[in-house]
Number of protein chains: 2
Amino acid sequence: MERFEVNKESIAHLKSLLNEGNRDVLSHYLAELHVADIAEIMDDLSVEEAEKIMSHLNDEDSSAVLMELDEDQREKLVESLSPQEIADKFVNNLESDDAVDLLQELDEEVQNKVVSAIEDVEHASDIIDLLNYEEGTAGALMGKEMVVVEDSWDIARSIREMRKQAGEIEQVYTIYVVDGNNILKGRLPLKKLLTANVHSRMSDILIEDIEGVHTDTSQEEVVQIMDKYDLVALPVLDALKRLVGRITIDDVVDVIREEADKDYQMASGISEDIEHSDSIWQLMRARLPWLIIGVGGSMLSAMVIGGYETSLATIPALAFFIPMITATGGNVGVQSSAIIVQGLANNTLKNNDLTGKLWKELQQGLLNGLIISGLAMLFSMLVFSDIKLGYTISSALLLVVLFASVTGTLIPLSLEKLDIDPALATGPFITTMNDITGLFIYFFVGQYIYASMM
Amino acid sequence: MERFEVNKESIAHLKSLLNEGNRDVLSHYLAELHVADIAEIMDDLSVEEAEKIMSHLNDEDSSAVLMELDEDQREKLVESLSPQEIADKFVNNLESDDAVDLLQELDEEVQNKVVSAIEDVEHASDIIDLLNYEEGTAGALMGKEMVVVEDSWDIARSIREMRKQAGEIEQVYTIYVVDGNNILKGRLPLKKLLTANVHSRMSDILIEDIEGVHTDTSQEEVVQIMDKYDLVALPVLDALKRLVGRITIDDVVDVIREEADKDYQMASGISEDIEHSDSIWQLMRARLPWLIIGVGGSMLSAMVIGGYETSLATIPALAFFIPMITATGGNVGVQSSAIIVQGLANNTLKNNDLTGKLWKELQQGLLNGLIISGLAMLFSMLVFSDIKLGYTISSALLLVVLFASVTGTLIPLSLEKLDIDPALATGPFITTMNDITGLFIYFFVGQYIYASMM
């Protein structure tokens, strides 16, 4: 049970086994590996090599491997197959939610052909059902495979029925109890199954703590519920409260990761989900938009400074602190908005007390602003021995910090109210806005102080 | 089974029930709520109100509620209790991993007193064992409660033993199979338990796919393994491969969230884990350090610009594009480092091909750099009609983008090599560094171009 590690050596070893072409040795080697490890190796191989490996796996393993691959590699492998082959080799062997994930990566035309090529009618109808739910909802996230017993059954009958059902299911998370109309009544914990008398009825021993979500509940809410109540599986109900599916924790972990990644990328000025291994064009498409917005903002900044060209010609020292104004405005704005965005994402921003939040940010800004203004004053006196410059940078800095604190708090909250992703407000957006406003404040204050202290 | 929602109304309702002082009504109301909901309400109440609610709950529920509370509220509730009370009311009723989480929030002296006050010797020894593991390791994350059967037992005996064990366990994730020396052999899936003959031996029906981690495996690796292999529970082994505990998916979800939050906060210039509801002093401690570093960096920027004071006095227009240089350097640097940090966090940066990565970043930088340089050139010609300024800003911008791409890639990779959190390189750090270097490049190029084109 030593852990297998995917690295340069294991990839090279597999490649040499492929080149030697000894089917037995290769099959033996693959049989020792977990499907997730095989997939990780295959991500680094050519399509031809990957296809060879697939041909050594049984249909169940090759389907599991397929779903663990990077999307690009999976697309390439599926591309060359006919709809009939896709249905037979993969869709038939996948649980309904995975099958739907695969189908959704295909063109609609191919998708329809694959669906009609599925042999098992029940499996096909489960898949058609799941394909109808809108992306980002509980319905789109759920799978159909569950162990379900009726509340009127006793333990003996339940075990008989569960035996039949369990054979087709990869992993049993929870045993659900429904009534004769398939309406969810509760769950049967393994503990009860083991300890109850064989003649006990389900209705007497079921646990009611379980709550279902609707098929149209958003995936964000699903994540919050499973996280809050520490659930490994969550039942999904239709409008009549009938049990139609279940969402398992592994899918929710994927959603949590995706959402955290998305917020992180937004804060970093990246507009699409990318990885370093993507093509230069994909990377450019994700990075260039924010760079252009940043440059556009800086053009406005240039015009603001340009408006003070005559002041600059007489007092060039005013230029020295331009970076301090823009950097501080950006840093404070990003901090304030990040706290709000994270609070919204983790559902820890509880009440709707906007004035309270702003007041707190202002106090916070005043405190931090006074400290860094003091430092800037000291620095400009010591290094440039210019009292007017000192007054200008320290008072402008304080105003910039206060402004950035307020907008950094207000903008993400307003976006959330408007149902726009508040994470949009972080990163380059807030930095660019604060650059422009900060420079206005700085030159305005500078002009006033130099004029009044002549 | 309607979902309960914690909001202003439900909090106000509970408060009014508390004030009315009718114990029966209050108890009845609380009995309908999930412990996670009770905890969420209690986070918004005073300590006195929270204590009153706790007095209405049985020991098992109040322990569960306690562990769901925010850390501050939990601390306040525990503060007033004696070690004996903490042991009796809470520690006795918590599973070992939760008990350890609670104990670790206490002063060492109190912690020791609580441990010696635990009545159940086995529970106490489990807890002492867990307290020894270093934070951030599998040992510190695991719990001791598991259902374990021996490989020599048949189904009938296994079920008898499982009944005894299951009574004490909140939720059964996996049934582990060990040999006579407690060495992990595999697991018994519910499917097999239901379908196998009652006389089958565990050694014949166990599944070997399960791999354990060591007690000193890092929690990052635990997360990666459970995520990659889609596990809901992971067994933990000691140096002799004996089964000593298990880690469950809910703890791993918490770790994933914490790590994503940490990376996000680092990228936003926040140095400690904070929420908007924390005190002004906590917020200041988390925010001020990076603000001061940013201001310190801007002081160096001021000195760089100060070195070119005579150039500025003759060509004040050079000041116009200072924000464009610093903003672009910052944006590109943050993008590049974010892609690396996220790749490292998600384990998608597979190979060690450093030159390849840098080459790709350089191509990417050249492409984006040329586009935004062109835009800047066009802008400065149209708005300021100054060809020398146009040459200066566009060529400096291209150099800045290339520099920021390379350092944004190199620095997080180097930190990772040195075992320092690469996320440190993102946000304010990279922005500040690129400000200073960018200004050097800009003024150097400007001086050269204005001198040679006189």
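Please read all numbers here as calculations on a predicted model, not as lab measurements.

Definitions and cut-offs
Residues numbered from 1 in each chain as written. Chains lettered and ligands numbered in written order. Predicted model: local features only at pLDDT ≥ 70, side-chain atom pairs only at ≥ 80, totals over all residues. Heavy atoms only, no water. Pairing = 2+ DSSP bridges. Helix = DSSP H or I, 4+ residues; strand = E, 2+ residues; numbered from the N terminus. Axes fitted to C-alpha atoms, helices over the stretch in contact; angles between N-to-C directions. Contact = heavy atoms within 4.5 Å. Buried area = accessible area lost by both parts, 1.4 Å probe. Salt bridge = Lys/Arg side-chain N within 4 Å of Asp/Glu carboxyl O. Polar contact = N/O pair within 3.5 Å; in protein donor to acceptor, adjacent residues only side chain to side chain. Buried < 20%, exposed > 50% of the residue type's maximum accessible area, 1.4 Å probe, protein only. 1 Å grid on protein atoms, 1.4 Å probe; cavity = no way out; pocket = protein on both sides within 12 Å on 5 of 7 lines; lining within 4 Å. Points joined across faces, edges and corners; volume = space filled by probe spheres on them. Nonpolar A, V, L, I, M, F, W, Y, C, P; charged D, E, K, R; others polar. Phe/Tyr/Trp six-rings, centres within 6.5 Å; stacked < 30°, edge-to-face > 60°. Least-squares fit on C-alpha atoms with pLDDT ≥ 70 in both. Core = buried A, V, L, I, M, F, W, Y, C linked by side-chain atoms within 4.5 Å. Lys, Arg positive; Asp, Glu negative; His and termini not counted. Patch = residues over 30% accessible without salt bridge, like charges linked within 9 Å, V, L, I, M, F, W, Y side chains within 5 Å. Areas by Shrake-Rupley, 256 points an atom, 1.4 Å probe, with all protein chains shown as cover. Charge placed at Lys NZ, Arg CZ, Asp CG, Glu CD. Parallel < 35°, antiparallel > 145°, perpendicular 65-115°, else oblique. Left-handed = near helix turned anticlockwise from the far one by under 90°.

**Concerning the sheet that holds strand β1 (residues 147-150) of chain A**
Residues and elements named next belong to chain A.
1) Next: Across the sheet, which stays open at both edges, the 3 strands sit in the order β1-β2-β3 with mixed pairing between neighbours. Looking along the sheet, the strands with just one partner apiece sit at the ends: β1 and β3 (184-188). Strand-to-strand twist of the sheet, defined as the mean angle between neighbouring strand axes without regard to direction, takes the value 35°.
2) Next: Relative to strand β2 (residues 175-178), β1 runs parallel, the two sharing 4 bridges. Along β2, the bridge assignment pairs Val148 with Tyr176.
3) Next: Helix α12 (residues 155-166) contacts β1 and β2 of the sheet and is inclined by roughly 155° relative to β1.

**Some details on the interface of chain A and chain B**
The extent of an interface is frequently quoted as the accessible surface area lost upon association of the parts.
1) Next: On the chain B side, the residues contacting the 130 residues of chain A number 130 residues.
2) Next: A combined buried area of about 11,700 Å² lies between chain A and chain B, and 62% of that area is made up of carbon and sulfur atoms.
3) Next: In this structure, Arg257(A) engages Asp227(B) in a salt bridge whose closest nitrogen and oxygen atoms are separated by 2.5 Å.
4) Next: Joining chain A to chain B, the criterion identifies 26 residue pairs in polar contact (both at pLDDT 80 or more).
5) Next: In terms of residues, the side of chain A that touches chain B owes the most to one element, helix α17 (residues 280-306) of chain A, which gives 18 residues.

**With respect to the pairing of strand β6 (residues 243-248) of chain B**
All names here are of chain B.
1) Next: The buried fraction of β6 is high, at 6 of 6 residues.
2) Next: Sheet topology places strand β5 (residues 233-237) next to β6; 5 bridges connect them, and they run antiparallel. Bridge pairing links Ala233 to Thr248 in β6.
3) Next: The hairpin turn running from β5 into β6, its antiparallel successor, is 5 residues long, and Lys241 in that turn takes a positive phi close to 65°.

**A few points about the side chain of Ser336(A)**
1) Next: Looking at the element boundaries, Ser336(A) is found in helix α19 (residues 322-345).
2) Next: Within polar-contact distance, the side chain of Ser336(A) engages the side chain of Arg287(B) at 2.9 Å.
3) Next: Those residues in contact with Ser336(A), other than ones at most four positions away along the chain, are Glu361(A), Ala404(A), Ser405(A), Gly408(A), Thr409(A) and Arg287(B).

**A look at empty space enclosed by the protein**
Where empty space is left in the structure can be found by rolling a water-sized probe over the atoms.
1) Next: In total, this model carries 5 cavities of 30 Å³ or more according to the counting rule given.
2) Next: Of the volumes computed, that of the largest cavity is approximately 360 Å³.
3) Next: Surrounding the largest cavity, 27 residues form its lining, Asn331(A), Val334(A), Thr431(A), Val334(B) and Thr431(B) being those nearest its centre.
4) Next: Secondary structure elements with two or more residues in the lining of the largest cavity: α19 and α22 (428-452) of chain A together with α17 (280-306), α19 (322-345) and α22 (428-452) of chain B.
5) Next: In the lining of the largest cavity, the residues fall into 8 nonpolar, 17 polar and 2 charged.
6) Next: In this structure, the second largest cavity spans a volume of roughly 80 Å³.
7) Next: Lining the second largest cavity are Glu145(B), Met146(B), Val147(B), Ile169(B), Gln171(B), Val172(B), Tyr173(B), Thr174(B), Tyr176(B), Ala233(B) and Arg246(B).

**So, the packing of aromatic side chains**
1) Next: In total, this model carries 12 aromatic pairs over all chains according to the counting rule given.
2) Next: Their ring planes at 15° and their centres at 5.0 Å tell us that Tyr308(A) and Phe443(A) sit as a pair that is stacked. Here Tyr308(A) is found in the loop between α17 and α18 (309-314), whereas its partner Phe443(A) is found in helix α22, with 135 residues between them in sequence. One exposure class covers both Tyr308(A) and Phe443(A), and it is buried.
3) Next: With centroids separated by 4.9 Å and ring planes inclined at 40°, the aromatic side chains of Phe320(B) and Phe384(B) adopt a geometry described as tilted. Of the two residues, Phe320(B) sits in the loop between α18 (309-314) and α19 while Phe384(B) sits in helix α20 (residues 354-384), which places them 64 residues apart along the sequence.
4) Next: Members of the aromatic cluster, each reached through a chain of ring pairs, are Phe320(A), Phe321(A), Phe379(A) and Phe384(A).

**Concerning the pattern of salt bridges**
1) Next: Overall, the coordinates contain 28 salt bridges over all chains when judged by the stated rule.
2) Next: For the salt bridge of Glu95(A) with Arg246(A), the shortest nitrogen-to-oxygen distance reads 3.2 Å. Of the two residues, Glu95(A) is situated in the loop between α7 (83-90) and α8 (96-104) and Arg246(A) in strand β6 (residues 243-248); the sequence distance between them amounts to 151 residues. The pair Glu95(A) / Arg246(A) is uniform in exposure class, with both members buried.
3) Next: Salt-bridge contacts for Asp129(B) lead to Lys144(B); the nearest nitrogen and oxygen are separated by 2.5 Å. Highlighted residues: Asp129(B) in helix α10 (residues 121-131) and Lys144(B) in the loop between α11 (138-141) and β1 (147-150), separated in sequence by 15 residues.

**Concerning the sheet that holds strand β2 (residues 175-178) of chain B**
Residue and element names in this part refer to chain B.
1) Next: Pairing is mixed across the open sheet formed by 3 strands, whose spatial order is β1-β2-β3. Both edges of this open sheet fall to β1 and β3 (184-188), since each of them pairs with a single strand only. Recorded for the sheet is a direction-independent mean angle of 35° between the axes of neighbouring strands.
2) Next: Examined bridge by bridge, β2 and β3 share 4 bridges and lie antiparallel to one another. When the sheet's bridge partners are listed, Val178 is paired in β3 with Leu184.
3) Next: Contacts from helix α12 (residues 155-166) reach β1 and β2 within the one sheet, and its direction differs from that of β1 by about 155°.

**So, the layout of surface pockets**
1) Next: As a volume, the second largest pocket reaches approximately 310 Å³.
2) Next: Taken together, 15 residues line the second largest pocket, and the ones lying closest to its centre are Ile159(A), Leu193(A), Ile159(B), Arg163(B) and Leu193(B).
3) Next: For the lining of the second largest pocket, the secondary structure elements donating two or more residues are α12 and α13 (190-195) of chain A together with α12 and α13 (190-195) of chain B.
4) Next: The leading source of residues in the lining of the second largest pocket is α12(B), at 4 residues.
5) Next: The class makeup of the residues in the lining of the second largest pocket is 13 nonpolar, no polar and 2 charged.

**A look at the relation of the copies chain A and chain B**
1) Next: When chain A is fitted to chain B, the best match, at an RMSD of 0.1 Å, comes from turning it 180° and sliding it 0.1 Å along the axis. Such a combination of rotation and displacement between the chain copies is what one expects of a two-fold axis.
2) Next: A shared binding surface is used by both copies, with 99% of the interface residues of chain A retained as interface residues in chain B.

**Description of the nonpolar core**
1) Next: Among the nonpolar cores identified, the biggest contains 130 residues, and Met42(A), Val222(A), Ile247(A), Met42(B), Val222(B) and Ile247(B) are the most heavily contacted of them.
2) Next: Formed by 76 residues, the second largest nonpolar core is a distinct cluster that contains Ile325(A), Tyr450(A), Phe379(B) and Leu397(B).

**Some remarks on the pairing of β2(A)**
1) Next: A two-sided burial pattern is seen for β2(A), the buried positions comprising Ile175(A) and Val177(A) on one face and Tyr176(A) and Val178(A) on the other.
2) Next: Counted along the chain from β2(A) to the antiparallel partner β3(A), the turn is 5 residues long, and its residue Asn182(A) has a positive phi close to 70°.

**Focus: the side chain of Asp179(B)**
All names here are of chain B.
1) Next: Positionally, Asp179 belongs in the loop between β2 and β3.
2) Next: Comment: no salt bridge for buried Asp179; closest opposite-charge side chain is Lys185, at 4.1 Å.
3) Next: From its side chain, Asp179 meets the backbone nitrogen of Asn181 in a polar contact 2.8 Å long.
4) Next: Setting aside residues up to four positions removed in sequence, Asp179 forms contacts with Glu150, Asp151 and Lys185.

**Regarding a nonpolar patch on the surface**
1) Next: A cluster of nonpolar side chains, namely Leu300(A), Met303(A), Leu378(B), Leu382(B) and Val383(B), defines an oily patch on the protein surface of about 490 Å² accessible area.
2) Next: Mapped onto the fold, Met303(A) is located in helix α17.
3) Next: Judged by its relative accessible area of 42%, Met303(A) falls in the partly exposed class.

**Brief notes about unusual backbone geometry**
1) Next: The phi dihedral of Asp230(A) falls on the positive side, at around 50°, and the residue is not glycine.
2) Next: Position of Asp230(A) relative to the elements: it lies in the loop between α15 (219-228) and β5 (233-237).
3) Next: Even without being glycine, Lys241(B) reaches a positive phi, approximately 65°.

**So, a negative patch on the surface**
Residues and elements named next belong to chain A.
1) Next: Among the surface-exposed residues, Asp44, Asp70, Glu71, Asp72, Glu75, Glu79 and Asp107 lie close enough to one another that they form a single negatively charged patch.
2) Next: Within the fold, Asp107 resides in the loop between α8 and α9 (108-116).
3) Next: The class for Asp107 is exposed, based on a relative accessible area of 57%.

**So, the packing of α19(B) against α22(B)**
All names here are of chain B.
1) Next: At a minimum axis separation of 8 Å, α19 and α22 run at an interaxial angle of 135°. By the angle class used here, α19 and α22 are oblique. Pair α19 / α22 crosses with right-handed handedness. Between α19 and α22, the residues in contact are Ile322, Ile325, Thr326, Gly329, Gly330, Gly333, Val334 and Ser337 and Ile430, Thr431, Asn434, Asp435, Gly438, Leu439, Tyr442 and Phe443, respectively.
2) Next: Within the contact of α19 with α22, the residues separate by chemical class into 7 nonpolar, 8 polar and 1 charged.

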